[in-house]
Amino acid sequence: MTFTPHGDHLIAGERVSAEGKLSSAPASGNAFEFSAGSPELVAEACAAAHAAFSGFAATTREERAVLLETIADEIDARGDEITEIGSAETGLPEARLQGERGRTTGQLRLFATHIRDGAYLDRRHDTALPDRQPLPRPDLRMMQRPIGPVAVFGASNFPLAFSTAGGDTAAALAAGCPVVVKGHGAHPGTGEIVGDAIVAALAKLGMDGGIFSLVQGGTRAVGEALVTDPRIKAVGFTGSLGGGRALFDLCAKRPEPIPFFGELGSVNPMFVLPEAATARGADLGTGWAASLTIGAGQFCTNPGIAIVMDGPEADAFVNAASEGLKAVAAQTMLTDGMADAYRSGARRVSEAAGVKSLLTSTCEGRSAAPYLFDVPAEDWMANEELSEEVFGPLGLVIRVKDAEQMQVVAANFKGQLTATLQMDEGDFDLARALLPVLEQMAGRVLANGFPTGVEVADTMVHGGPYPASTNFGATSVGTLSIRRFLRPVCYQNLPVALLPADLQAD
Ligand code: NAP
């Protein structure tokens, strides 16, 4: 290991060390010591973000675009070190970290292009109608404005793309909102070096250091202090349902409640329709096994549940999936705690009424190997626990009797990030019947593919009804995600010279 973290917090452009310490727990290589966070340090970071807000909100779109691009360049300049520490801390392969870095810098650059274009401002103008009867209409102009300082909590499974300089941070900075990141305990060194890149970019451009701070964790009090700080105006969170719900509730209970954009877990149901099962059941089973095991199954879009119509075609699908999963060697999970939670989740599924174990594993420590179970639809519907996410490479097959029962099962799913249809042309009638249910259930509906890849694009929706997310009508991936950190302001009869520059041109 050539990279040694300095172990300090990054507050308003300064490295700040604290007496309390925490240690990293890497999957390989040396552990390092980091200053632990505290409510006092959070308050310092929030005060700096608050002080920086009005100046940052007044920057031009071009200035913020250049900031985003400079952050991307600074991340690229630290590329090898990021890969090294990221891979050691998380156990994710180097190639995965390199790919995720490309996604992260791509996201920053995409937001630069997006704000330069200006369409995201959604500028509207109702011109004055002084002679209108019975009442004149005033001159009305509207534009989206930044919401204020944003708190960001990244997830353990995407140490770059959903973390310190991930989608939430990129969207908030693009909007003109300062950011305070709460570092994730599973990758403090990765968070630190990416934070250093953001600090370096701000310094290079002579911008206010308060626009970005990183406070490492330590105890739950750090995150709690962050979401309840009165200077924070919105939260971007990616993580578990339990953690997200706890912080969401704190946001709602504040004297001034604020939006909490939580990206939580999902089981991402995949419906294998009969014609597709007959034509290519075994291929679908093999593909499913591959999708289930990418990154040790630690994807929020992991298709954990497949719904098939009972019969020989279902058997072909299940047998191929089982063979595919059997061939996958044990993989390292992100933390010891996650590996334990995975095994206890698998135990809970295996002990549920009606569940048959098709593939079990006996991994220990931080490693995980796949499990496969199947269950009749009636038993699945009778046990709500079976629709909860088990984070890891675990597949559950629900066997339905007929098309009607498939629709009943579909209606029993709670909110999901994605829903998938595997179908051929002869399946279109059933697909048509399922689609209104899937649309209600999920943020993204896909056909004949697997949901694990999430394209960063203008059209992407990564979110969904609760409990997949608390993002009511929003997405955390793609350019539309900037909307979370903006709010519309209407300017009535304001002299043009006093309007924000972006409205004056209109
Ligand atoms: P996590 O355990 O919920 O942690 C996320 C962050 O929240 C950490 O910084 C954690 O701090 C903090 N936190 C959690 N509970 C808290 C509480 N009660 N009070 C204060 N802070 C709290 O999630 P994770 O294990 O990192 O991530 C894995 C989960 O994320 C999976 O369920 C996965 O499906 C989901 N995920 C969702 C998406 C999506 O886009 N929907 C993407 C990736 C992952 P501490 O570490 O200090 O506890």
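Residues numbered from 1 in each chain as written. Predicted model: local features only at pLDDT ≥ 70, side-chain atom pairs only at ≥ 80, totals over all residues. Heavy atoms only, no water.

J.: Describe the site of the ligand, with residues and values.
T.: Lining the immediate environment of the ligand, one finds 25 residues, of which Lys182, His184, Ser240, Glu389 and His462 sit closest. Between a nitrogen atom of the ligand and a side-chain N or O atom of Glu263, the distance comes to 3.2 Å. Looking at the shell around the ligand, the elements that each hand over two or more residues are strand S10 (234-238) and helix H8 (241-253). Sort the elements by how many residues they give to the shell around the ligand and H8 lands first, with three residues. (Near = heavy atom within 4 Å. Polar contact = N/O pair within 3.5 Å; in protein donor to acceptor, adjacent residues only side chain to side chain. Helix = DSSP H or I, 4+ residues; strand = E, 2+ residues; numbered from the N terminus.)

J.: How would you sum up the UniProt feature "domain: Aldehyde dehydrogenase" (unreviewed entry) in the chain? Please name residues and give values.
T.: Those places that UniProt annotates as "domain: Aldehyde dehydrogenase" (unreviewed entry) correspond, in this numbering, to residues 32-422. Secondary structure within residues 32-422 divides into 47% helix and 18% strand; the distance between the first and last C-alpha atoms comes to 46 Å. (UniProt positions renumbered as here; feature names shortened; annotations may be inferred.)

J.: For empty space enclosed by the protein, give the residues involved together with the corresponding values.
T.: Using the criterion set out here, one finds one cavity of 30 Å³ or more in the structure. Space inside the largest cavity adds up to approximately 140 Å³. Lining the largest cavity we find 16 residues, and of these Val267, Gly304, Glu389, Val390 and Leu394 sit closest to its centre. Tallied by class, the residues present in the lining of the largest cavity amount to nine nonpolar, five polar and two charged. (1 Å grid on protein atoms, 1.4 Å probe; cavity = no way out; pocket = protein on both sides within 12 Å on 5 of 7 lines; lining within 4 Å. Points joined across faces, edges and corners; volume = space filled by probe spheres on them. Nonpolar A, V, L, I, M, F, W, Y, C, P; charged D, E, K, R; others polar.)

J.: Outline the domain arrangement of the chain, supporting the account with residue identities and numerical values.
T.: Partitioning the chain into structural domains gives domain 1 (9-18 + 32-128 + 137-264 + 469-503) and domain 2 (269-447). Here the C-alpha centre of domain 2 lies 34 Å away from the C-alpha centre of domain 1. Summing the contributions of domain 1 and of domain 2, the shared interface buries around 820 Å²; its carbon and sulfur component is 62%. Taken together, the links from domain 1 to domain 2 amount to zero salt bridges. The interface formed by domain 1 and domain 2 holds one residue pair in polar contact (both at pLDDT 80 or more) in total. Of the residues contributing to the side of domain 1 that touches domain 2, the split by class is four nonpolar, four polar and three charged. (Domains from an automatic or database assignment. Buried area = accessible area lost by both parts, 1.4 Å probe. Salt bridge = Lys/Arg side-chain N within 4 Å of Asp/Glu carboxyl O.)

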